[in-house]
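Summary of the model geometry
As a plain string of letters, each chain reads:
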Amino acid sequence: MMLSRQKPATGPGSTTPAQETKKKKQMPKLKEFLDARDYTGAVTLLEFTRHSGKGSDETDLWLAFCLFHLGDYKQAMLEYEKLTKKENINPDVWVNLACCYFFLGMYPESDDAAKKGETSPKSGLQNRLLFHLSQKFNDESRLMSYHQSLQDVIEDQLSLASIHYLRSHYQEAIDIYKRILLDNRDYLALNVYVALCYYKLDYYDVSQEVLAVYLQNYQDSAIALNLKACNHFRLYNGKAAEAELKNLQDLASPSFTFAQDLIKHNLVVFRAGEGALQVLPPLIDVIPEARLNLVIYYLKQDDVNEAYNLIKDLEPTTPQEYILKGVVNAALGQEQGSREHLKIAQQYFQLVGGSASECDTIPGRQCMASCFFLLKQFEDVLIYLNSIKSYFYNDDNFNFNYAQAKATAGNYKEAEEIFMLIQNDKFKHDYVYLSWLAKCYIMNRKARLAWELYLKMETSGDSFSLLQLIANDCYKMGQFYYAAKAFDVLERLDPNPEYWEGKRGACVGVFQQIIAGHEPRETLRDILQILRNTGNPQVEYIIRVMKKWAKDNRVPIGN
């Protein structure tokens with residue numbers, strides 16, 4: 001049965017194939033591109049319009065606008081600069097040019113251009129831009145002046161929230177964003193800003209939840225996809241983050257250079273520094289984190305001097321910058337034995353850890369622990385490390401410092417357990433690790449394990465120092481057998497009378513323990529051999545006494 005038509009095949013309610021073809025060939029409208037946020041398409045259309053001789057000042061203004069929103073700030077700057085050379089220019093052009101300078105990091109030029117766009121009354125955009133420039137110039141009085149000119153309008157409130165964000169006042173920024181969202185649910189981009197704040201507060205799972213609201217509607221957002229990848233990096237690992245970043249790589253426009261730079265930068269981070277020296281140096285003045293991540297790379301390579309040279313002239317403004325500068329100064333101070341650098345590090349750590357915004361965060365508590373560590377106040381160190389240990393159970397860096405603090409405070413049993421959690425071979429071959437672990441073994445009456453640590457070491461200054469530690473600490477703890485063995489090796493390496501005295505006392509101590517039944521009688525044979533390694537005349541008398549006791553008690557000792 002044929003379907004009956006409700007409308008004729010042709011007529012007012014339909015189009016013929018010829019009409020459809022004509023419709024498809026129509027030039028797309030600029031508004032269509034702008035509504036779809038297709039700035040690449042808009043730029044293509046505007047450049048075609050200009051090259052076809054149909055361009056106008058309005059065309060040039062829209063072209064600059066689209067280039068700016070495409071992230072091509074340099075080209076947008078060139079377009080606006082050409083417009084400023086025309087007569088009777090709208091003051092807004094100067095402010096727009098100032099915005100380009102701002103995003104290119106040309107802050108003095110941005111300041112000059114913004115002031116050339118002075119209108120009466122001052123435009124909201126101009127005031128917001130000068131507000132942000134005051135933040136960049138660290139000019140508090142000027143900042144407050146422009147702050148007072150902000151109005152209770154969404155644009156100004158968003159600008160205020162961003163300044164809170166830049167000053168690490170993340171909760172204050174969240175409060176503003178949420179207040180705006182209550183009345184403007186369709187302002188979905190604010191979810192990205194809220195997610196960024198939660199990311200900075202280390203609430204990565206919450207950040208993901210908030211971010212998902214935006215990504216459901218805009219799956220091609222470079223900023224949102226990048227943040228999602230960063231959350232995956234924090235929550236899971238670099239591979240998971242890289243998989244998310246691949247979505248951004250697939251979507252990023254070839255002309256969207258900021259996204260490309262972001263991808264290259266973050267891939268270095270996700271791949272644990274792979275390619276850092278090739279990728280990060282050119283991005284130092286493009287992405288603020290590039291300098292910090294390059295410093296971190298140098299620190300991980302134990303190149304403390306390069307790290308210091310890169311950060312020494314940086315005036316820190318964020319907690320992360322203060323912390324990293326503190327870490328570099330601490331590393332340099334320990335490497336060079338410089339009290340000045342150690343003091344600077346301690347001050348930076350105290351500044352962050354004592355600040356109202358950071359005192360209750362994990363990095364803030366780590367900073368206070370580091371401050372007290374440098375001040376050698378280990379009971380205070382443990383107060384802060386105990387409060388965050390559950391977050392760092394498998395973190396070798398944390399456990400290395402935590403175990404040292406425990407041991408210094410006399411908690412050798414716990415210190416030994418924490419030292420044993422460490423998996424990194426770099427730490428396990430470090431003399432600081434070996435000496436502290438040996439001390440813990442001895443204090444926990446496991447001197448044999450300390451001795452085995454020494455036996456595994458190659459002959460060096462460090463092995464000699466470990467021998468001295470084992471000899472003296474075993475002696476103090478009454479573990480005379482291993483004290484005697486250590487003093488014996490020390491005496492043979494360096495015929496110092498003090499080593500003989502230590503060995504003599506340790507051998508006599510073992511003999512007493514054998515008599516008291518606290519040490520196996522068979523040990524006497526080893527002690528006699530240790531004593532025979534010495535040419536001191538006192539040896540013969542001591543050996544004679546021991547042999548007589550062995551004979552009287554029928555203890556086999558050989559020849």
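Quick look at the structure, then. (Residues numbered from 1 in each chain as written. Predicted model: local features only at pLDDT ≥ 70, side-chain atom pairs only at ≥ 80, totals over all residues. Heavy atoms only, no water.)

1. Side note on the nonpolar core
What tends to happen in soluble globular proteins is that the nonpolar side chains get buried as a cluster. Counting 72 residues, the largest nonpolar core has Cys66, Tyr80, Leu129, Phe131, Tyr177, Leu211 and Leu245 as the members making the most contacts within it. With 8 residues, helix H6 (residues 91-103) is the largest single contributor of residues to this core. Dropping the residues within four chain positions of it, Leu211 is found in contact with Val192, Ala195, Ala224, Leu227, Lys228 and Asn231. Among the nonpolar cores identified, the runner-up in size contains 70 residues, and Phe400, Cys440, Trp451 and Ile557 belong to it. (Core = buried A, V, L, I, M, F, W, Y, C linked by side-chain atoms within 4.5 Å. Buried < 20%, exposed > 50% of the residue type's maximum accessible area, 1.4 Å probe, protein only. Helix = DSSP H or I, 4+ residues; strand = E, 2+ residues; numbered from the N terminus. Contact = heavy atoms within 4.5 Å.)

2. Details of the side chain of Ser110
As for its position among the elements, Ser110 is in helix H7 (residues 107-116). Among residues more than four places away in sequence, those in contact with Ser110 are Ala98, Tyr101, Phe102, Leu129 and Leu133.

3. Digging into helix H21 (residues 339-353)
Here H21 spans 21 Å end to end across 15 residues, near enough to the 21 Å set by a 1.5 Å rise per residue. On its buried side, H21 packs onto helix H19 (304-311), helix H20 (319-336) and helix H22 (362-374). (Expected span 1.5 Å × (residues − 1).)

4. Points about the packing of aromatic side chains
Inspection of the entire model under this criterion finds 27 aromatic pairs. Ring geometry for Phe102 against Phe103: centres 5.9 Å apart, planes inclined by 75 degrees, an arrangement best described as edge-to-face. Linked through ring pairs, Phe68, Tyr73, Phe102, Phe103 and Tyr107 together constitute an aromatic cluster. (Phe/Tyr/Trp six-rings, centres within 6.5 Å; stacked < 30°, edge-to-face > 60°.)

5. Describing the packing of helix H32 (residues 523-532) against helix H33 (residues 538-552)
Axis separation between H32 and H33 bottoms out at 10 Å; the angle between their running directions is 165 degrees. In terms of orientation, H32 lies roughly antiparallel with respect to H33. Of the two possible hands of crossing, H32 and H33 adopt the one that is left-handed. For the pair formed by H32 and H33, the contact residues are Leu524, Ile527, Leu528, Leu531 and Arg532 on the first element and Val539, Ile542, Ile543, Met546, Lys547, Trp549 and Ala550 on the second. (Axes fitted to C-alpha atoms, helices over the stretch in contact; angles between N-to-C directions. Parallel < 35°, antiparallel > 145°, perpendicular 65-115°, else oblique. Left-handed = near helix turned anticlockwise from the far one by under 90°.)

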